[in-house]
Amino acid sequence: MRRSRGPARTMAGMMSAAVLVMVGASCASGGQEQVSRQPSTSQSADPGLPQGSTVTYEFHDSSVPPPYHRSYVLTFTEEQARIVVDSYGEILADQTRQMTPEAWAQVSATYPEVSGMTVTEPEQGCTGGTGFALKVEHGGAVDQDLDGYACGGVNADIEDRLLAWVQPVRSLFPSMDDLAPEG
């Protein structure tokens with residue numbers, strides 16, 4: 001289903017979209033990762049990121065000793081990108097880059113692939129996983145707000161898809177080894 005903006009759709013169109021979302025959500029396997037999209041109440045030919053969007057992607061590393069822990073927040077708009085790397089609250093790197101038209105076009109065009117994702121809470125506790133969050137805001141509204149934990153295979157696909165989605169922007173910065181070397 002494509003994300004859209006613009007004039008309101010008819011009630012019948014919204015109901016059809018809601019049925020498709022419900023049917024798609026019920027097809028998830030084994031109670032693991034479930035991906036659903038929220039039906040949009042408007043339409044447009046451009047399904048990408050809304051103009052004026054601010055995207056914040058967070059990666060929370062697993063619990064490892066401080067010399068090896070690397071969590072980061074990647075925030076970007078159509079104009080610029082910023083990455084802040086930390087180890088348990090100690091800032092190890094803080095860099096800003098100009099957004100390239102190519103990177104913005106790629107994340108904007110593929111936004112429908114991550115828009116509306118949902119995460120599954122692990123049935124049992126899990127040690128050693130990583131956390132992730134995605135927030136997309138525009139015009140004072142939140143378009144996407146996702147916060148999850150990947151451990152024991154649960155949500156691993158969601159985390160991988162989000163990492164792949166932000167990769168064009170992440171690649172504007174040095175590798176983690178160069179940005180915030182261990183030790």
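Please refer to the structure higher up on the page.
Right, let's walk through the structure included here. (Residues numbered from 1 in each chain as written. Predicted model: local features only at pLDDT ≥ 70, side-chain atom pairs only at ≥ 80, totals over all residues. Heavy atoms only, no water.)

Observations regarding the nonpolar core
Link 1 in the chain: Counting 33 residues, the largest nonpolar core has F76, L162 and W165 as its most contacted members.
Link 2 in the chain: Going through the elements one at a time, strand 1 (54-60), strand 2 (71-76), strand 3 (80-87), helix 2 (101-109), strand 5 (130-138), strand 6 (141-150), helix 3 (156-170) and helix 4 (176-179) are the ones with two or more residues in this core.
Link 3 in the chain: Those residues in contact with L162, other than ones at most four positions away along the chain, are Y57, V114, M117, F132, L134 and L146. (Core = buried A, V, L, I, M, F, W, Y, C linked by side-chain atoms within 4.5 Å. Buried < 20%, exposed > 50% of the residue type's maximum accessible area, 1.4 Å probe, protein only. Helix = DSSP H or I, 4+ residues; strand = E, 2+ residues; numbered from the N terminus. Contact = heavy atoms within 4.5 Å.)

Here's the deal with the sheet that holds strand 4 (residues 90-98)
Link 1 in the chain: With antiparallel pairing, the six strands of this open sheet are ordered in space as 4-3-2-1-5-6. This sheet does not close on itself; its edge strands, each paired only once, are strand 4 and strand 6. Strand-to-strand twist across the sheet, computed as the mean angle between neighbouring axes with direction ignored, equals 10°.
Link 2 in the chain: Two strands pair when backbone bridges link them, and strand 1 and strand 2 are joined in this way by five bridges, in the antiparallel orientation. Bridge pairing in strand 2 places V55 opposite F76.
Link 3 in the chain: Relative to the sheet, helix 3 contacts strand 1, strand 2, strand 3, strand 5 and strand 6, its axis offset from that of strand 2 by approximately 55°. (Pairing = 2+ DSSP bridges. Axes fitted to C-alpha atoms, helices over the stretch in contact; angles between N-to-C directions.)

Structural notes on the side chain of S87
Link 1 in the chain: Mapped onto the elements, S87 comes out in strand 3.
Link 2 in the chain: By relative accessible area, S87 is classed as buried at 7%.
Link 3 in the chain: Side-chain polar atoms of S87 contact the backbone oxygen of H69, separated by 3.4 Å. (Polar contact = N/O pair within 3.5 Å; in protein donor to acceptor, adjacent residues only side chain to side chain.)

Thoughts on the environment of P181
Link 1 in the chain: In this fold, P181 is placed in the segment after helix 4.
Link 2 in the chain: Under the relative-accessibility criterion, P181 is labelled exposed at 52%.
Link 3 in the chain: Leaving out residues up to four positions away in the same chain, P181 has contacts with R70 and M176.

Considering a negative patch on the surface
Link 1 in the chain: Taken together, the side chains of E121, E137, D145 and D147 define an acidic patch exposed on the protein surface.
Link 2 in the chain: With respect to the helices and strands, E137 occurs in strand 5.
Link 3 in the chain: Assessed through its relative accessible area of 31%, E137 is described here as partly exposed. (Patch = residues over 30% accessible without salt bridge, like charges linked within 9 Å, V, L, I, M, F, W, Y side chains within 5 Å. Areas by Shrake-Rupley, 256 points an atom, 1.4 Å probe, with all protein chains shown as cover. Salt bridge = Lys/Arg side-chain N within 4 Å of Asp/Glu carboxyl O. Lys, Arg positive; Asp, Glu negative; His and termini not counted. Charge placed at Lys NZ, Arg CZ, Asp CG, Glu CD.)

Examining the environment of A141
Link 1 in the chain: In this fold, A141 is placed in strand 6.
Link 2 in the chain: Relative accessible area serves as the criterion here: at 37%, A141 is assigned to the partly exposed category.
Link 3 in the chain: Placed 88 residues apart in sequence, A141 and S53 show a C-alpha to C-alpha distance of 9.6 Å.

No statement about biological role is implied by the geometric values presented.
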